[in-house]
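Residues per chain, in single letters:
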Amino acid sequence: MARKSLIQREKKRQKLEQKYHLMRRSSKKEISKVPSLSDKWEIHGKLQSPPRNSAPTRLHRRCFSTGKPRANYRDFGLSGHILREMVHACLLPGATRSSW
């Protein structure tokens, strides 16, 4: 189980990313439309003004049940360890068992 503070920090990053998403997208569209380099630099400066944690690259996928940040499967939203336990308990239909 991941520490609660790390999970809360990740949730805060997700909220910030959603808050600044439209501003980032509109600024990127403006950069592509503006022909002069000085205007592009101006818009680029505005793009850097939001907090760093609002950038989408700072987000991590976490396991739905344990909150672990590594070894996650996108299809299930679970870490490998929990996924293996669920397959062995026959909770995931269509998944085949394997022994490591």
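About the criteria used
- Residues numbered from 1 in each chain as written.
- Predicted model: local features only at pLDDT ≥ 70, side-chain atom pairs only at ≥ 80, totals over all residues.
- Heavy atoms only, no water.
- Helix = DSSP H or I, 4+ residues; strand = E, 2+ residues; numbered from the N terminus.
- Rg over C-alpha atoms; globule rule 2.2 N^0.38 Å.
- Buried < 20%, exposed > 50% of the residue type's maximum accessible area, 1.4 Å probe, protein only.
- Contact = heavy atoms within 4.5 Å.
- Areas by Shrake-Rupley, 256 points an atom, 1.4 Å probe, with all protein chains shown as cover.
- Lys, Arg positive; Asp, Glu negative; His and termini not counted.
- Charge placed at Lys NZ, Arg CZ, Asp CG, Glu CD.
- Salt bridge = Lys/Arg side-chain N within 4 Å of Asp/Glu carboxyl O.
- Axes fitted to C-alpha atoms, helices over the stretch in contact; angles between N-to-C directions.
- Parallel < 35°, antiparallel > 145°, perpendicular 65-115°, else oblique.
- Nonpolar A, V, L, I, M, F, W, Y, C, P; charged D, E, K, R; others polar.
- Disulfide = S-S within 2.5 Å.

Draft legend 1. Expanded view of the overall build of the chain. Summing up its helical and strand segments, the chain has 3 helices and 2 strands in all. Ordering the α and β elements of the chain from the N terminus gives α-α-β-β-α. Relative to the globule expectation of 13 Å for 100 residues, the C-alpha radius of gyration of the chain, 20 Å, shows a markedly less compact shape. Among the 100 residues that make up the chain, the fraction classed as buried is 24%. Considering only residue pairs separated by 6 or more positions, the chain has 37% of its internal contacts joining residues 24 or more positions apart. Only carbon and sulfur atoms are counted for the fraction: they give 54% of the accessible area of the chain, which is about 8,100 Å². Computing the positive centroid from 24 side-chain charges and the negative centroid from 7, the chain places the two 8 Å apart.

Draft legend 2. Quick look at the side chain of Glu17. Relative to the assigned elements, Glu17 resides in helix 1 (residues 4–33). One buried charge, Glu17, has no salt-bridge partner; the nearest side chain with opposite charge is Arg24, at 6.5 Å. With near-sequence residues (within four places) excluded, Glu17 lies in contact with Ser54, Ala55, Pro56 and Leu59.

Draft legend 3. Main features of the packing of helix 1 against helix 2 (residues 37–47). Axis separation between helix 1 and helix 2 bottoms out at 9 Å; the angle between their running directions is 170°. Taken together, helix 1 and helix 2 sit at an angle that is classed as roughly antiparallel. Here Met23, Arg24, Ser27, Lys28, Glu30 and Ile31 of helix 1 come into contact with helix 2, specifically with Lys40, Ile43, His44, Lys46 and Leu47. Counted by class, the contact of helix 1 with helix 2 contains 4 nonpolar, 2 polar and 5 charged residues.

Draft legend 4. Structural view of the state of the cysteines. For the coordinates displayed, the defined rule picks out 0 disulfides. Here Cys63 stays unpaired: no disulfide links it, and the sulfur of Cys90, its closest cysteine neighbor, is 19 Å away. Residue classification places Cys63 among the buried positions, given a relative accessible area of 4%.

Draft legend 5. Local environment of unusual backbone geometry. Even without being a glycine, Ala71 presents a positive backbone phi close to 60°. Turning to its location among the elements, Ala71 is positioned in the loop between helix 2 and strand 1 (72–73). In the Ramachandran plot, Cys90 falls in the positive-phi region, its phi being about 60° despite a non-glycine side chain.

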